[in-house]
Amino acid sequence: PLVSMKEMLESAKANSYGVGQFNLNNLEFTQAILQAAEEEKSPVILGVSEGAAKYMGGFKSVVSIVKGLMESYGTTVPVAIHLDHGSSFEKCVEAIYAGFTSVMIDGSHHPLKENIALTKKVVEVAHLCGVSVEAELGRIGGQEDDIIVDDAEAAYAIPEECDELIRETNVDCFAPALGSVHGPYKGEPNLGFDRMETISKMTDVPLVLHGGTGIPTKDIKKAISFGTAKINVNTENQITSAAKVREVLDANPDMIDPRKYLGPAREAIKETVIGKMREFGSSGQA
Ligand code: G3H
Ligand code: ZN
């Protein structure tokens, strides 16, 4: 069934595993992620950035595609459709109205008080509709869609500020920027685990780890033990699917039927997602 992230993440936190947010880019990503979740009996969060929603025909089209696939696959596991890095109150409301079951309001580029005010406004509307909300503090480096944060701008979240935002807004989960990066890492990631632990103890809300691509398993396990209940992955699925398309087209220069090269790409995404679900410990939890 389609659900919000709330119960999903509370049970993940209580039972020390992580639920993956896998980003949608097109139909094949959507199919692969839903198939992986059902096969693994894992809860799943479908992350939809504003750019991806636009590419796929708007928020309503995304919801229709997901609902259609869930019906034809006979999906039994909990699925959330989540707006990833929502840029404004208006975009969040638009997504909720279209049928999203969860939204992120990314006010991380605003000063603390403004971020709190904006997040609070989104929570008020979302909770009336049974929709969960994720907020962010600090700045996650790298690039996702049109959001580009260079090294100098990337900032670690401050625990006292996180506590204030969470208490005042009543968000369902929270993404503190602690050195993770969107896209590939330059060298080994250096995550602020001390702060992660402090924030988790202070606030008790499930934490979110953005930039899941390229984080070693030992760090994933550590993050989960410090209160992380949601891990976002996009780039890794893009890398494995693009590699597969290249391989198939290189080997078959006359191939023109998109089903013949996107089908194998879909398989590659599914395998990648299954691997993540096992690594995060969400397999068998639905
Ligand atoms: O919000 C989406 C994620 O944080 C994706 O990060 O592309 O580095 O895996 P990633
Ligand atoms: Zn992100």
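Residues numbered from 1 in each chain as written. Chains lettered and ligands numbered in written order. Predicted model: local features only at pLDDT ≥ 70, side-chain atom pairs only at ≥ 80, totals over all residues.

Identification of the protein as Fructose-bisphosphate aldolase, class II from Alkalicoccus daliensis is taken from an unreviewed UniProt entry.

1. Remarks on the UniProt feature "binding site: Zn(2+) 2" (unreviewed entry) in the protein
The feature "binding site: Zn(2+) 2" (unreviewed entry), as given by UniProt, occupies Asp-106 and Glu-136 in the numbering adopted here. For the annotated residues, spread through 31 residues, the largest C-alpha to C-alpha distance comes to 5.6 Å, consistent with a single compact locus. Inspection of the secondary structure assignment puts Asp-106 in the loop between strand 4 (102–105) and helix 6 (112–128). For Asp-106, a count of 26 C-beta atoms within 10 Å corresponds to the buried category. If we ignore the near neighbours within four places in the chain, the residues touching Asp-106 are His-85, Gly-86, Ser-87 and Glu-136. Leave out the neighbours within four places in its chain, and Glu-136 touches Asp-106, Ser-108, Ala-175 and Ala-177. (UniProt positions renumbered as here; feature names shortened; annotations may be inferred. Helix = DSSP H or I, 4+ residues; strand = E, 2+ residues; numbered from the N terminus. Buried ≥ 20, exposed ≤ 12 C-beta atoms within 10 Å, placed from the backbone. Contact = placed C-beta atoms within 7 Å.)

2. Here's the deal with the packing of helix 2 (residues 27–40) against helix 4 (residues 59–73)
It is the contact of helix 2 with helix 4, at a shortest axis distance of 10 Å, that shows an interaxial angle of 40 degrees. Relative to helix 4, helix 2 is oriented oblique. Our pair here, helix 2 against helix 4, has a crossing hand that is right-handed. In this structure, helix 2 uses Leu-27, Thr-30, Gln-31, Leu-34, Gln-35 and Glu-38 to contact helix 4, whose residues at the interface are Ile-65, Val-66, Leu-69, Met-70 and Tyr-73. Partitioned by chemical class, the residues of the contact of helix 2 with helix 4 number 7 nonpolar, 3 polar and 1 charged. (Axes fitted to C-alpha atoms, helices over the stretch in contact; angles between N-to-C directions. Parallel < 35°, antiparallel > 145°, perpendicular 65-115°, else oblique. Left-handed = near helix turned anticlockwise from the far one by under 90°. Nonpolar A, V, L, I, M, F, W, Y, C, P; charged D, E, K, R; others polar.)

3. Focus: the site of ligand 1
If you check the shell around ligand 1, you find 16 residues, and the closest are His-210, Thr-213, Asn-232, Asn-234 and Thr-235. Going through the elements one at a time, strand 3 (79–86), strand 11 (228–233) and helix 10 (235–251) are the ones with two or more residues in the shell around ligand 1. The residue inventory of the shell around ligand 1, partitioned by class, reads 1 nonpolar, 12 polar and 3 charged. (Near = placed C-beta within 6 Å.)

4. Describing helix 1 (residues 6–14)
All of the buried residues along helix 1 are Met-8, Leu-9, Ala-12 and Lys-13. Down the axis of helix 1, the buried side of the element spans an arc of 125 degrees, and every buried residue falls inside it. Summarising the contacts, the buried residues of helix 1 are in contact with strand 1 (19–23), strand 3, strand 8 (173–176) and strand 11. Positive backbone phi, at 55 degrees, marks Ser-16, one or two positions downstream of helix 1. (Arc of directions from axis to C-beta.)

5. Here's the deal with the environment of Glu-153
Secondary-structure assignment places Glu-153 in the loop between strand 7 (147–149) and helix 7 (159–169). Along the primary structure Glu-153 and Gly-142 are separated by 11 residues, whereas in three dimensions their C-alpha atoms are 9.9 Å apart.

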